[in-house]
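Given next are the chains, with one letter for each unit.
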Amino acid sequence: MPTNPKKSDGRPEGDRIAKLLARAGIASRREIERMIADKRITLDGKPVETPATFLTSLRGVSVDGKPVAEPEPSQLYAFHKPAGLITAEREPAGRATIYAALTNALPKGTPRVMPIGRLDFNTEGLLLLTNDGGLKRTMELPSTGIPRTYRARAFGEIHQEQLEALSEGVEIEGMRYGPIDANLERGSGGKGHKNHWIEMTITEGKNREVRRVLEYLGLEVNRLIRVGYGSFHLGDLPRGQAARIKKGDLDRFVSSLKGGRKS
């Protein structure tokens, strides 16, 4: 298959190879670009030279010598990530990754899946996984505005009025964080101790956002659990276990995204 199909209106036909491979669940677009640079992706037996290779299908494309199948239907899984796991496929320092746990947690026959966003090493709770690179990208974009809800246990002095002020957003060391809905849980931090449970909902998902904001308020976070991502919730899913989201629930969620599905 030619790497430069006939152009129409000044643009090659098809899509960039990185986009097609991401949709097929091979890896993120950024990771695919690295794989191309490492000569791990071939087309009709020859290494792909540039991510700007346009194709109309994945026929003839191989990764590490294995032919790539056409994309399967989109699937979404909920995983209850325990603390102490890296949200990555490989970790140079040798720490355990989510993929070690997913080997036994995912149902048999599950296609290769990628995490939607990340949870820090010490953060636990709901981590969504998908085989669809386009869906992954859409759900991670801050502009999509998908709410993420966390429960944080934090040590220190805090009042509801301070948390309500976060609804206007806050700037910390030059970084602007958008509006945050934060509330002390009822009965939290009773007389005689200073550990509080705080529920926080954010829509941007910036790196370590919840921890940074609570530390800015003078609190020490000693446990952080993500309990919701969009319309999906952790519920009673056991720690270390995964479950597939029903197709109907996934379809309704995709239809509800702002501006529709972005690829």
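Here, every reference points to the structure presented above.
These figures come from a predicted structure and were not determined experimentally.

Summarise the sheet that holds strand β5 (residues 46–47); cite the residues concerned and give the values.
Read across the sheet, four strands follow the order β5-β4-β7-β8 without closing on themselves; strand pairing throughout is antiparallel. The strands lining the two open edges of the sheet, one partner per strand, are β5 and β8 (66–67). Bridge analysis of strand β4 (residues 41–43) against β5 gives two bridges, and the strand direction is antiparallel. Counted as the bridge partner of leucine 43 is lysine 46 from β5.

Pulling in residues and values, what's your account of the pattern of salt bridges?
Applying the stated rule across the entire model yields 13 salt bridges. Of the charged contacts in the structure, one is a salt bridge between arginine 239 and glutamate 124, with a shortest N-O distance of 3.4 Å. One end of the pair, arginine 239, is in the loop between β18 (232–233) and β19 (242–244); the other, glutamate 124, is in strand β11 (residues 124–130), with 115 residues separating them in the sequence. Overall, arginine 239 belongs to the exposed group, its relative accessible area being 52%. For the salt bridge of aspartate 249 with arginine 252, the shortest nitrogen-to-oxygen distance reads 2.4 Å. Separated by three residues within a single helix, aspartate 249 and arginine 252 lie in helix α7 (residues 247–256), roughly one turn from each other. Several salt bridges converge on common partners, so that one network encompasses Glu124, Arg223 and Arg239.

Calculation notes
Residues numbered from 1 in each chain as written. Predicted model: local features only at pLDDT ≥ 70, side-chain atom pairs only at ≥ 80, totals over all residues. Heavy atoms only, no water. Pairing = 2+ DSSP bridges. Helix = DSSP H or I, 4+ residues; strand = E, 2+ residues; numbered from the N terminus. Salt bridge = Lys/Arg side-chain N within 4 Å of Asp/Glu carboxyl O. Buried < 20%, exposed > 50% of the residue type's maximum accessible area, 1.4 Å probe, protein only.

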